[in-house]
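Architecture at a glance
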Amino acid sequence: MTRNDWTKEEILEIYNKPLMELLYEAATVHRKHHDPNKVQVSTLLSIKTGGCPEDCGYCPQAARYHTDIEGNDLMSVSQVKAQALRAKSSGSSRVCMGAAWRNVKDGEEFDKVLEMVRTINKLDMEVCCTLGMVTENQAKRLAEAGLYAYNHNLDSSEEYYKEVISTRGYQDRLDTISNVRKSKVTVCSGGIIGMGESLEDRAGMLVALATLNPQPESTPINALVPVEGTPLEEQQKISIWEMLRMVATTRIVMPETQVRLSAGRTDMSREGQAMCFFAGANSIFAGDKLLTTPNPNVDDDMEMFKLLGLEPQKAFEKKSQPQSVSAEESKYKPLNEKPKWSRPGHTIERNVEAKAKAKTKV
Ligand code: SF4
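To keep things clear, this report deals only with the structure shown in the data block. Sequence order as written defines residue numbering, which begins from 1 separately in each chain. Confidence filtering applies because this is a predicted model: local features only for residues at pLDDT of at least 70, side-chain atom pairs given and counted only at 80 or more, and all residues used for totals across whole chains, interfaces and linings. Only hydrogens and water are set aside; all other atoms, that is, all heavy atoms of the structure, feed into the side-chain values.

**Here we look at the packing of aromatic side chains**
The cut-off we apply is this: Only Phe, Tyr and Trp rings are paired, with Trp represented by its six-membered ring, and only when their centres lie within 6.5 Å; those with planes under 30 degrees apart are stacked, over 60 edge-to-face, the remainder tilted. Helix and strand assignments come from DSSP, with helices taken as H or I runs of at least 4 residues and strands as E runs of at least 2, each series counted from the N terminus. Each residue is placed in one exposure class: buried if its accessible area under a 1.4 Å probe, protein chains only, is under 20% of its type's maximum, exposed if it is over 50%, and partly exposed if it falls in between. A ring has a charge above it when a Lys NZ or an Arg CZ is no more than 6 Å from the ring centre and no more than 35 degrees off the ring normal.
Enumeration over the complete set of coordinates arrives at 3 aromatic pairs. Ring geometry for Tyr148 against Phe316: centres 5.7 Å apart, planes inclined by 65 degrees, an arrangement best described as edge-to-face. With a gap of 168 residues between them, Tyr148 in the loop between helix H5 (136–145) and strand S4 (149–151) and Phe316 in the loop between strand S12 (311–312) and helix H12 (349–360) connect regions that are remote in the sequence. No difference in accessibility class separates Tyr148 from Phe316, as the two residues are buried. Against the face of Trp6 rests Arg3, its NZ or CZ located 4.0 Å from the ring centre. Above the face of the Phe285 ring, Arg260 is positioned so that its terminal group lies 5.1 Å from the ring centre.

Structure, rendered in structure tokens:
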């Protein structure tokens, strides 16, 4: 049975076990709940890149920092369809569309995203979106269009979140997840390690995720990819051992969840990734780029799968395909709500410095 009452102390005890014991325990839980030879493959597509008003310290898409990324406006439905078909032919069962928005606003652009959801659903692929904060009505509109999952990461523990982001609060993240839960869409939520957080923070993030009831259906574990121009540009990359411990601990406390290796995979050897699959990771992001940061190419991943005897999981193996209702038949209309998402606005020195530095560059 899945437990929803994990404490930080219990999670730290698991995280700090002798490695071989930790791996054995995680692998045992993994085998009980999943086929250990199947890995779910998602393709992440940045449908609107850059120019984001938020100040997330790890993110090159925040408009206030100076990074080399090329921004683009919202893609067209046909562009998205072409990319989804490519992803499907190379083994992906899910397309995750990311837009660099603070929150979803009812209107033309959201209607276009709903059409993208309908289009990908018709390709018999799982569709996921990560569009920032959403209201219950917006989540229901996405569900009705055929959305399979909504991603909204908690990023870190509630305490450390305040050291990374000042433009929105942790409670907004939790509220968005709860809005998604009121629809039929599954929840994808995870975080990033390597932002300078303590082990207590890593455990704190896992407490926040594992005590959600139900737990998220998928949890991406990202390793920070420090990008020049962002406040976290000088952060040391984490070691494979930390990743392994984090994956194994996540698997133990969230037995049913698909645990996804996400950003930072280019820095991991095949041996390292194989250990992560053994420890309970059963999902990856495929494609040359993860929004804006590099990712192994699909052919390399498929070669790795062959080497390890892994198979891509088929779409809708865990949950059936959502029905997709056309825009004309929709029973949910835009409410044009103006929810009061918070803006704590406290000072994070390194974010302020990165913003000031960006102003001196052209
Ligand atoms: S992580 Fe998302 S919300 Fe934060 S700055 Fe980047 S695009 Fe914006």
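**Observations regarding the nonpolar core**
Applied cut-off: Within this scheme, the nonpolar core is defined by two criteria: the residues are buried Ala, Val, Leu, Ile, Met, Phe, Trp, Tyr or Cys, and they are joined through side-chain atoms within 4.5 Å.
With 92 residues, the main nonpolar core has Ile47, Tyr58, Met97, Leu131, Leu142 and Tyr150 as its most contacted residues. If you look at the next biggest cluster of nonpolar residues, it comprises 10 residues, including Cys128, Ala149, Leu290 and Phe316.

**Considering unusual backbone geometry**
The omega angle of the peptide bond from Asn213 to Pro214 is 5 degrees, so this bond is cis rather than trans. For Pro214, the location among the structural elements is in the loop between helix H8 (199–210) and strand S7 (218–223). Positive phi, close to 50 degrees, is recorded for Asn336, a residue that is not glycine. Mapped onto the elements of the fold, Asn336 is located in the loop between S12 and H12. Judged by its relative accessible area of 49%, Asn336 falls in the partly exposed class.

**Digging into helix H9 (residues 240–253)**
Counting along an α-helix, one turn takes 3.6 residues, and residues three or four places apart therefore face a common direction. Heads up, the condition is: Under the convention used throughout, the expected extent of a helix is 1.5 Å for every residue step, that is, one less than its residue count.
Its 14 residues give H9 an end-to-end C-alpha distance of 20 Å, which sits within 8% of 20 Å, the value for a rise of 1.5 Å per residue. Along H9, 11 of the 14 residues are buried, which leaves the element largely enclosed by surrounding structure. If you check which residues of H9 are buried, you get Met243, Leu244, Arg245, Met246, Val247, Ala248, Thr249, Thr250, Arg251, Ile252 and Val253.

**Topic: helix H11 (residues 298–308)**
Short version of the rule: Within this analysis, the arc is defined by the directions that extend from the helix axis to the C-beta atoms. The definition of a polar contact used here is a pair of N or O atoms within 3.5 Å, where within protein one atom must be able to donate a hydrogen and the other to accept one, and adjacent residues in sequence count solely through side-chain atom pairs.
By the burial criterion, the buried members of H11 are Val298, Asp301, Met304 and Phe305. Take H11 and look down its axis: the buried residues cluster within an arc of 120 degrees, on one side only. Residues Asp299, Lys306 and Leu307 are exposed on H11 and point more than 90 degrees away from its buried face. If you check the start of H11, you find a side-chain oxygen 2.9 Å away from the backbone N of Asp299, and it comes from Asn297. One or two residues past the end of H11 sits Gly309, with phi positive at roughly 70 degrees.

**Quick word on the pattern of salt bridges**
The condition that has to hold: Each reported salt bridge corresponds to a side-chain nitrogen of Lys or Arg within 4 Å of a carboxyl oxygen of Asp or Glu.
Across all of its chains, the model carries 19 salt bridges by this definition. Note that Asp111 is salt-bridged to Arg141, the shortest N-O span being 3.2 Å. You can see Asp111 sitting in helix H4 (residues 108–122) and its partner Arg141 sitting in helix H5, a full 30 residues away along the chain. Judged by its relative accessible area of 37%, Asp111 falls in the partly exposed class. Its relative accessible area of 7% is what places Arg141 among the buried residues. Between Glu233 and Lys357 there is a salt bridge, and its shortest N-O distance comes to 2.9 Å. One end of the pair, Glu233, is in the loop between S7 and H9; the other, Lys357, is in helix H12, with 124 residues separating them in the sequence. A residue is classified by how much of its surface remains accessible, and Glu233, at 23% relative accessible area, is partly exposed. Because the salt bridges share partners, they merge into one network encompassing Arg3, Asp5 and Glu10.

**Let's talk about the environment of Leu85**
In this fold, Leu85 is placed in helix H3 (residues 77–89). You can call Leu85 partly exposed: its relative accessible area is 41%. Along the chain, Leu85 and Met125 lie 40 residues apart, while their C-alpha atoms are 9.4 Å from each other.

This is a description of form; function is not addressed.
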